There are 2 protein chains.
Amino acid sequence: MTVKEVSEKYKITQDTLRYYERVGMIPEVTRTSGGIRSYQQKDLDWVELAICMRSAGLPVEVMIQYVQLCKEGESTIPARLELLQKQREALHMQREQLDTTLDRLNYKIKKYEKAIDTGKLNWD
Amino acid sequence: MTVKEVSEKYKITQDTLRYYERVGMIPEVTRTSGGIRSYQQKDLDWVELAICMRSAGLPVEVMIQYVQLCKEGESTIPARLELLQKQREALHMQREQLDTTLDRLNYKIKKYEKAIDTGKLNWD
DNA sequence: GTAATACTTGGAGTTAACTCAAAGTCAAGA
DNA sequence: TCTTGACTTTGAGTTAACTCCAAGTATTAC
């Protein structure tokens, strides 16, 4: 697949795909003899992983570290595990905060709905 | 409360507090005759709301709009409701994405744990 | 009253994560 | 072969959300 096809498949710009590769957030993509990107399944797997992590707010920097560790071989498996566990912890906290905010939003929304319903506000 | 006290209470910098006020993410804070901020309960409520929304990733711009609507009076209640509902929807989607990513992280973590446990990787 | 400290503003600087532009190279069709 | 359009890189520009700085004013301690 060309960069254009991949960008369409994942709804992400070509610039972003090239950027991810340039900064090392995904390993070097397979190229044709002419130097043009030709994404293979393993390249697509990396792209998908990168997009998934980014869409949850995981920093680019963290993915760069992970990719770096993967390149260094199996000896880095404990380090990779630790990195992933740390990120999971961060996402759990993020989730809790999200729920707290959702509760607050729901509370306010109910207030407004009632206000519109009864025609008056009885604010706290 | 002074800006310093508020910054300590909510673990946020004074600069950020002033920034929030300057851009209109919270209404103008009560001042002393000398022009120094003196946060009252209602000011603190706004600060707390702003921090809560921001910590869930809700854009500053959205809070600015909300504050603006509040200033314009009760006629904007339907608009405020709509704004809040839209943000709730966005947070719900964000939450789903977070869960998807967490699933993926958990899968990888289990793989690595097993690899360390058995001393070998049986990758997919 | 004066020194020290905390506050004020306006505006410039920073960071993360893209996003765009320019100038050149590659590949497919007439 | 020539043209057209997609691809390449390097490097600069943009956006959101702060973050910092300088110069000045207010408050508090002595």
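You'll find chain A entered in an unreviewed UniProt entry as Transcriptional regulator, with Lacrimispora algidixylanolytica given as the organism.

A.B. asks: I'd like a description of the pattern of salt bridges, backed by residues and values.
C.D. replies: Residue and element names in this part refer to chain B. For the structure shown, the criterion picks out 12 salt bridges over all chains. A salt bridge links Glu-21 to Arg-37; its shortest N-O distance comes to 2.6 Å. A residue pair is termed long-range when its members are at least 10 positions apart, and Glu-21 in helix α2 (residues 14-23) and Arg-37 in the loop between α2 and α3 (41-55) qualify at 16 residues. Classification of Glu-21 as buried rests on a relative accessible area of 10%.

A.B. asks: Go over the packing of helix α3 (residues 41-55) of chain A against helix α5 (residues 77-118) of chain B with me, naming the residues and quoting the values.
C.D. replies: Running from amino to carboxyl end, α3(A) crosses α5(B) at an angle of 125°, the nearest separation of the two axes being 8 Å. One finds that α3(A) runs oblique with respect to α5(B). Pair α3(A) / α5(B) crosses with left-handed handedness. Mapping the contact onto sequence places A:Asp45, A:Glu48, A:Leu49, A:Cys52, A:Met53 and A:Ser55 in α3(A) and B:Gln97, B:Thr101, B:Arg104, B:Leu105 and B:Lys108 in α5(B). Its residues assigned to classes, the contact of α3(A) with α5(B) shows four nonpolar, three polar and four charged.

A.B. asks: How would you explain the interface of chain B and chain A if you had to name every residue and give the values?
C.D. replies: Taken residue by residue, the interface counts 36 residues in chain B and 36 residues in chain A. For the pair chain B and chain A, the summed buried surface comes to about 3,700 Å²; carbon and sulfur atoms form 73% of the total. Looking only at chain B, the three residues that lose the most surface to chain A are B:Leu98, B:Arg104 and B:Tyr112, adding up to 17% of its buried area. Applying the counting rule to chain B against chain A returns four salt bridges. With a closest N to O distance of 2.4 Å, B:Arg95 and A:Asp99 form a salt bridge. For the pair chain B and chain A, the number of links is 16 residue pairs in polar contact (both at pLDDT 80 or more). Those elements that provide at least two residues to the side of chain B that touches chain A are α3, α4 (60-71) and α5 of chain B.

A.B. asks: Mind laying out the side chain of A:Thr76, listing which residues take part and the relevant values?
C.D. replies: All names here are of chain A. Take Thr-76: it is sitting in the loop between α4 (60-71) and α5 (77-118). Since its relative accessible area comes to 8%, Thr-76 is described here as buried. Contacts of Thr-76, omitting those with residues within four sequence positions, involve Leu-69 and Cys-70.

A.B. asks: Can you break down the nonpolar core residue by residue, with the values?
C.D. replies: With 66 residues, the main nonpolar core has A:Tyr39, A:Met63, B:Tyr39 and B:Met63 as its most contacted residues. Leave out the neighbours within four places in its chain, and A:Met63 touches A:Met25, A:Trp46, A:Leu49, A:Ala50, A:Met53 and A:Leu58.

A.B. asks: Lay out the protein's contact with DNA strand D in plain terms, naming residues and giving numbers.
C.D. replies: The local shell around DNA strand D holds 21 residues, among which A:Arg18, A:Arg37, B:Asp15, B:Tyr20 and B:Arg54 are the closest. Backbone atoms, meaning sugar and phosphate, make up 69% of the atoms of DNA strand D lying within 4 Å of the protein. Residue B:Arg54 places a side-chain N or O atom 2.7 Å away from a phosphate oxygen belonging to DNA strand D. For the surface near DNA strand D, the secondary-structure elements that each account for two or more residues are α1 (3-10) and α2 (14-23) of chain A together with α2 of chain B.

A.B. asks: An account of the domain arrangement of chain A is requested, with residue identities and associated values reported.
C.D. replies: Residue and element names in this part refer to chain A. Domain boundaries in chain A define domain 1 (1-71) and domain 2 (76-124). Computed over C-alpha atoms, the centres of domain 1 and domain 2 are 30 Å apart. Of the roughly 740 Å² buried where domain 1 meets domain 2, counting both sides, 74% is carbon and sulfur surface. Interface area lost by domain 1 to domain 2 is led by Ala-56, Tyr-66 and Leu-69, which between them contribute 59%. Our enumeration of links across domain 1 and domain 2 arrives at zero salt bridges. Linking domain 1 to domain 2 there are two residue pairs in polar contact (both at pLDDT 80 or more). Classifying every residue of the side of domain 1 that touches domain 2 gives seven nonpolar, one polar and no charged.

Criteria and thresholds
Residues numbered from 1 in each chain as written. Chains lettered and ligands numbered in written order. Predicted model: local features only at pLDDT ≥ 70, side-chain atom pairs only at ≥ 80, totals over all residues. Heavy atoms only, no water. Salt bridge = Lys/Arg side-chain N within 4 Å of Asp/Glu carboxyl O. Helix = DSSP H or I, 4+ residues; strand = E, 2+ residues; numbered from the N terminus. Buried < 20%, exposed > 50% of the residue type's maximum accessible area, 1.4 Å probe, protein only. Axes fitted to C-alpha atoms, helices over the stretch in contact; angles between N-to-C directions. Parallel < 35°, antiparallel > 145°, perpendicular 65-115°, else oblique. Left-handed = near helix turned anticlockwise from the far one by under 90°. Contact = heavy atoms within 4.5 Å. Nonpolar A, V, L, I, M, F, W, Y, C, P; charged D, E, K, R; others polar. Buried area = accessible area lost by both parts, 1.4 Å probe. Polar contact = N/O pair within 3.5 Å; in protein donor to acceptor, adjacent residues only side chain to side chain. Core = buried A, V, L, I, M, F, W, Y, C linked by side-chain atoms within 4.5 Å. Near = heavy atom within 4 Å. Domains from an automatic or database assignment.

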